[in-house]
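Take a look at the letters that make up each chain.
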Amino acid sequence: MRIVSADTGGALLDENYNPIGLIATAAVLVERPYKTAKLSIAKYSDPFKYDLSGRMALKDETFLALKLAKKVKPDVIHLDSTLGGIEIRKLDDPTIDALRISDRGKAIWHELSKDLQPLAKRFWEETGIEILAIGKESVAVRIAEIYAGIYSVKWGIEYAMKEGFVRIGLPRYMTIEINKEKILGKSLDSREGDLYGEISMEGKEFEWEIYPNPIARTFMVFEAKS
Amino acid sequence: MRIVSADTGGALLDENYNPIGLIATAAVLVERPYKTAKLSIAKYSDPFKYDLSGRMALKDETFLALKLAKKVKPDVIHLDSTLGGIEIRKLDDPTIDALRISDRGKAIWHELSKDLQPLAKRFWEETGIEILAIGKESVAVRIAEIYAGIYSVKWGIEYAMKEGFVRIGLPRYMTIEINKEKILGKSLDSREGDLYGEISMEGKEFEWEIYPNPIARTFMVFEAKS
Amino acid sequence: MRIVSADTGGALLDENYNPIGLIATAAVLVERPYKTAKLSIAKYSDPFKYDLSGRMALKDETFLALKLAKKVKPDVIHLDSTLGGIEIRKLDDPTIDALRISDRGKAIWHELSKDLQPLAKRFWEETGIEILAIGKESVAVRIAEIYAGIYSVKWGIEYAMKEGFVRIGLPRYMTIEINKEKILGKSLDSREGDLYGEISMEGKEFEWEIYPNPIARTFMVFEAKS
Ligand SMILES: [Mg+2]
Ligand SMILES: [Mg+2]
Ligand SMILES: [Mg+2]
């Protein structure tokens, strides 16, 4: 099974470890044996202008997943919304009302589906590829999350080269290693079976450190300074 | 404390990683230091005829646990139903109604208790051994789950020798290693403190692989081909 | 960020692994990189007289945290109550009623806040240090929990020297190692990023063992005998 997925993560943190805004959306192509991405692309946000209260992320993720999917023609697309794997093209208002999710979740999906449902329907008609709301059940979504963390770190290193310092909150239970010209991200959840990702990076001179976020157990903080 | 427990698991999977049916029920004797089984037995189902919607499993598990318990005379029997450790012989209708579980759980137990309550009562009167609905709190239940995965793999290897190929979904966060004439199963949850199991197997020629189930995060897939 | 936190844990267990009472409250000073304590103190309870039904723990923890905080002047105090990080000095009755917690949780806090709210208010007025109900989100609370386990083991070793034997249930998913004159406690949750603690101990002759609690999955048991 060839899966395209996307997720958003990595948060610029202030000095009290509170998030200022999210940094990167990553889309990945995941193939057997489903431990890492065969291909990945990223789109950066401006964390200083990020609307943390909004539902910007899922739309960004859908667009980026479609961009990659048009190129690599996967069997299926997995989005990070945990609705039991339902097809987005089927999410009309009565179907959303019948979902076993919170009222807030329903309100968000009534709004989101206005754009995403016709988009998914058209994409399916043209390509036969389904877009599924599978969320945390999907290994591909988790790999996309790890890549979002890796790309956030890449962004952070460039930011630190210019501004002197950066502090980033990584996605849940993942850590980062930097070797020469690679950024490696690894799941810290032993139950996931060694999921990881890596991207290359131009050689730069900087110090970095990774440590637990004191106010968000199981989340790690990445810091770099030039 | 000497504990007998039983659990069912390991699912034959189709090409889309959807379960066709469950494979094995395992009963185990677990003694100090409670990391593996001292003794285990298994009963196989026909996964092609398995009623995934039913509650077949818990009855099979009770019968298999009793079979082992009659032989090894444990101090207690643990079943995989999370009702706070209540004694099965006490599960009459008013007691079931007073449990803090879902209505669906109550309906299932009203049905199940018709058979299991008198069985547990008789067994307790004859032997003094209690049968407890302790479920996920029990390490013995988890060890039984790991053995159900191991026996499923054993079944799968034999199936692959005849049919050429098998794909099995293992119980939650466990992995398999095969060395010469042993099948080893290990918990992937670091918090559990290194629970494992192993059974012997006749030497056979086959290829095998283990990897994350792409649509069921924290679950692994075992494949073998002859 | 310099954080003082406190937690209570480690339970004396009977022969059926049921808790008799809790053993130790630990307060810790946690600083960057937030993996262990820079300083720790403990207060022991009498587990044979412990009221397991009560809410004794949180008061003990607050008093011990304040004792340490007066000495080390941290930036903030973290208590083990998961109320989203709200300041204890703001917990008046209408605020408690507005919390999104269970009715039982509200009843407990209506009672607790009578003592703790004025105490926190006075401490904040004098020092500017906030006391937050952050609970399981805090790495410092988790480190305090690990230290409570370590001090319980220290108590247990002394108990076993006098009484011959001790069996202790450790706080959730942590394990203990004893080397020469040190007791080392380590988180078993791989997602937490290697949290640990250690205290020194006078050299003593005893045997010890650690193994999974058979009726409390992910909890370990420590035993010592002289
Ligand atoms: Mg997401
Ligand atoms: Mg089961
Ligand atoms: Mg506590």
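Treat the numbers as computed from the prediction; the structure is a model and nothing was measured.

**Observations regarding the overall build of chain A**
Then comes step 1: Helix and strand counts for chain A stand at four helices and twelve strands.
Then comes step 2: Computed over the C-alpha atoms, the radius of gyration of chain A is 18 Å, within 12% of the 17 Å expected from 2.2 N^0.38 for a compact globule of 226 residues.
Then comes step 3: Judged by the C-alpha coordinates and their principal axes, chain A covers about 50 × 35 × 30 Å.
Then comes step 4: Within chain A, residue pairs in contact and separated by at least 24 positions form 64% of the contacts whose partners lie at least 6 positions apart.
Then comes step 5: If you sum the accessible surface of chain A, you get close to 10,000 Å²; carbon and sulfur atoms cover 48% of it.
Then comes step 6: Taking the average location of the 33 positive side-chain charges in chain A and that of its 35 negative ones, the two points are 3 Å from each other.

**Quick notes on the coordination of the magnesium ion (ligand 3)**
A four-donor tetrahedral metal ideally has 109.5 degree angles, and a six-donor octahedral metal ideally has angles of 90 or 180 degrees.
All names here are of chain C.
Then comes step 1: Distances from the magnesium ion (ligand 3) to its protein donors, Asp-7 (OD) and Asp-80 (OD), fall within 2.1 to 2.2 Å. Placement of the pair is Asp-7 in strand β1 (residues 3-13) and Asp-80 in the loop between β4 (76-79) and β5 (86-87), with a sequence separation of 73 residues.
Then comes step 2: With a relative accessible area of 3%, Asp-7 lands in the buried category.

**Quick word on the packing of helix α1 (residues 56-72) of chain C against helix α3 (residues 103-127) of chain C**
All names here are of chain C.
Then comes step 1: At a closest axis distance of 11 Å, the pairing of α1 and α3 adopts a crossing angle of 10°. The angle between α1 and α3 places the two elements in the roughly parallel class. Residue-level inspection shows Leu-58, Lys-59, Thr-62, Phe-63, Leu-66, Ala-69 and Lys-70 of α1 in contact with α3, the latter providing Trp-109, Leu-112, Asp-115, Leu-116, Leu-119 and Phe-123.
Then comes step 2: Grouping the amino acids of the contact of α1 with α3 by side-chain chemistry returns nine nonpolar, one polar and three charged.

**Details of unusual backbone geometry**
Then comes step 1: In this structure, Pro-33 of chain B follows Arg-32 of chain B across a cis peptide bond, with omega equal to 0°.
Then comes step 2: A positive phi is found at Tyr-17 of chain C, a non-glycine position, where the angle reads about 70°.
Then comes step 3: Inspection of the secondary structure assignment puts Tyr-17 of chain C in the loop between β1 and β2 (19-30).
Then comes step 4: Notably, Lys-73 of chain C is not glycine yet its phi reads approximately 50°, a positive angle.
Then comes step 5: As for its placement among the helices and strands, Lys-73 of chain C is situated in the loop between α1 and β4.

**Quick word on the relation of the copies chain C and chain B**
Then comes step 1: Note on the identical chains: chain C maps onto chain B by a rotation of 120° and an axial translation of 0.0 Å, with an RMSD of 0.0 Å. Accordingly, the operation relating the two chain copies is best matched by a three-fold axis. Minimal C-alpha distance to the rotation axis in chain C is attained by Ser-190 of chain C, lying at 3.6 Å.
Then comes step 2: Comparing interface residues between copies, only 16% of those in chain C also sit at the interface in chain B, which points to a heterologous contact through distinct surfaces.

**Observations concerning the sheet that holds strand β8 (residues 174-179) of chain B**
All names here are of chain B.
Then comes step 1: Read from one edge of the open sheet, three strands run β8-β9-β10, paired in antiparallel fashion. Since the sheet does not close on itself, it has two edges, and those belong to β8 and β10 (196-200), each with one partner. Neighbour to neighbour, the strand axes of the sheet diverge by 15° on average, direction disregarded.
Then comes step 2: Bridging between β8 and strand β9 (residues 182-187) involves six bridges; their strand directions are antiparallel. Paired with Ile-176 across the strands is Gly-185, a residue of β9.
Then comes step 3: On top of the sheet, helix α4 (residues 139-163) reaches β8, β9 and β10; it is set at about 35° to β10, its chief contact.

**Focus on the pairing of strand β6 (residues 130-133) of chain A**
Residue and element names in this part refer to chain A.
Then comes step 1: The alternating pattern of β6 places Glu-130 and Leu-132 and Ile-131 and Ala-133 on opposite faces, both of which are buried.
Then comes step 2: The pairing of strand β4 (residues 76-79) with β6 spans four bridges and is parallel. Bridged to Ile-77 within β6 is Ile-131.

**What to know about the coordination of the magnesium ion (ligand 2)**
Then comes step 1: Distances from the magnesium ion (ligand 2) to its protein donors, Asp-7 of chain B (OD) and Asp-80 of chain B (OD), fall within 2.1 to 2.2 Å.
Then comes step 2: Looking at Asp-80 of chain B, the relative accessible area reads 27%, which means it is partly exposed.

**Regarding the pattern of salt bridges**
Then comes step 1: Enumeration over the complete set of coordinates arrives at 60 salt bridges over all chains.
Then comes step 2: Residues Glu-111 of chain A and Lys-114 of chain A are paired through a salt bridge, measuring 3.5 Å at the closest nitrogen-oxygen approach. Pair noted here: Glu-111 of chain A and Lys-114 of chain A are both in helix α3 (residues 103-127), with a separation of three residues, about one helical turn. Comparing Glu-111 of chain A with Lys-114 of chain A shows no difference in burial state: the two are exposed.
Then comes step 3: Of the charged contacts in the structure, one is a salt bridge between Lys-59 of chain B and Asp-115 of chain B, with a shortest N-O distance of 2.6 Å. Here Lys-59 of chain B is found in helix α1 (residues 56-72), whereas its partner Asp-115 of chain B is found in helix α3 (residues 103-127), with 56 residues between them in sequence.
Then comes step 4: Via salt bridges that share partners, Arg-142, Glu-145, Arg-172 and Glu-192 of chain A together with Arg-217 of chain B belong to a single interconnected network.

**Comments concerning the packing of aromatic side chains**
The geometry of an aromatic ring pair is captured by two quantities: the separation of the ring centres and the angle between the planes.
Then comes step 1: Using the criterion set out here, one finds 24 aromatic pairs over all chains in the structure.
Then comes step 2: Residues Tyr-44 of chain B and Tyr-151 of chain B carry aromatic rings whose centres are separated by 6.5 Å and whose planes lie at 75° to one another, so their mutual orientation is edge-to-face. Placement of Tyr-44 of chain B in strand β3 (residues 39-44) and of Tyr-151 of chain B in helix α4 is noted, with a sequence separation of 107 residues between them.
Then comes step 3: With 6.5 Å between their ring centres and 40° between their planes, Tyr-147 of chain C and Tyr-151 of chain C make a pair best called tilted. Highlighted residues: Tyr-147 of chain C and Tyr-151 of chain C, both in helix α4 (residues 139-163), separated by four residues, approximately one helical turn. The exposure classification of Tyr-147 of chain C matches that of Tyr-151 of chain C, with both residues buried.
Then comes step 4: Aromatic ring contacts, followed pair by pair, group Tyr-17 and Tyr-211 of chain A together with Tyr-34 of chain C into a single cluster.

**Looking at the interface of chain A and chain B**
Many authors give the size of an interface as the accessible area that is lost as the parts come together.
Then comes step 1: Contact with chain A, which involves 20 residues of that partner, is made by 19 residues of chain B.
Then comes step 2: Summed over the shared surface of chain A and chain B, the number is three salt bridges.
Then comes step 3: Between Glu-209 of chain B and Arg-32 of chain A there is a salt bridge; the shortest N-O distance is 2.5 Å.
Then comes step 4: One can count twelve residue pairs in polar contact (both at pLDDT 80 or more) joining chain A with chain B.
Then comes step 5: Per-element accounting of the side of chain A that touches chain B gives the leading share, three residues, to helix α4 (residues 139-163) of chain A.
Then comes step 6: Taken together, the residues that form the side of chain A that touches chain B break down as nine nonpolar, four polar and seven charged.

**So, the domain arrangement of chain A**
Residues and elements named next belong to chain A.
Then comes step 1: Split by domain assignment, chain A resolves into domain 1 (3-137) and domain 2 (144-225).
Then comes step 2: Inter-centroid distance (C-alpha atoms) of domain 1 to domain 2 is 22 Å.
Then comes step 3: On the side of domain 2, 26 residues touch domain 1, which itself brings 28 residues to the contact.
Then comes step 4: In total, about 2,000 Å² of surface goes out of reach between domain 1 and domain 2, with carbon and sulfur atoms giving 62% of it.
Then comes step 5: Among the residues of domain 1 in contact with domain 2, Tyr-17, Lys-35 and Tyr-44 are the three that bury the most area, contributing 29% of the side total.
Then comes step 6: Applying the counting rule to domain 1 against domain 2 returns zero salt bridges.
Then comes step 7: Secondary-structure elements contributing two or more residues to the side of domain 1 that touches domain 2 are β1 (3-13), β2 (19-30) and β3 (39-44).
Then comes step 8: Counting residues per element, the side of domain 1 that touches domain 2 draws most heavily on β1, which supplies nine residues.
Then comes step 9: The residue inventory of the side of domain 1 that touches domain 2, partitioned by class, reads 16 nonpolar, eight polar and four charged.

Scoring rules and cut-offs
- Residues numbered from 1 in each chain as written.
- Chains lettered and ligands numbered in written order.
- Predicted model: local features only at pLDDT ≥ 70, side-chain atom pairs only at ≥ 80, totals over all residues.
- Heavy atoms only, no water.
- Helix = DSSP H or I, 4+ residues; strand = E, 2+ residues; numbered from the N terminus.
- Rg over C-alpha atoms; globule rule 2.2 N^0.38 Å.
- Contact = heavy atoms within 4.5 Å.
- Areas by Shrake-Rupley, 256 points an atom, 1.4 Å probe, with all protein chains shown as cover.
- Lys, Arg positive; Asp, Glu negative; His and termini not counted.
- Charge placed at Lys NZ, Arg CZ, Asp CG, Glu CD.
- Donors = N, O, S within 2.8 Å, 3.2 Å for Na, K, Ca; no water.
- Buried < 20%, exposed > 50% of the residue type's maximum accessible area, 1.4 Å probe, protein only.
- Axes fitted to C-alpha atoms, helices over the stretch in contact; angles between N-to-C directions.
- Parallel < 35°, antiparallel > 145°, perpendicular 65-115°, else oblique.
- Nonpolar A, V, L, I, M, F, W, Y, C, P; charged D, E, K, R; others polar.
- Least-squares fit on C-alpha atoms with pLDDT ≥ 70 in both.
- Pairing = 2+ DSSP bridges.
- Salt bridge = Lys/Arg side-chain N within 4 Å of Asp/Glu carboxyl O.
- Phe/Tyr/Trp six-rings, centres within 6.5 Å; stacked < 30°, edge-to-face > 60°.
- Polar contact = N/O pair within 3.5 Å; in protein donor to acceptor, adjacent residues only side chain to side chain.
- Domains from an automatic or database assignment.
- Buried area = accessible area lost by both parts, 1.4 Å probe.

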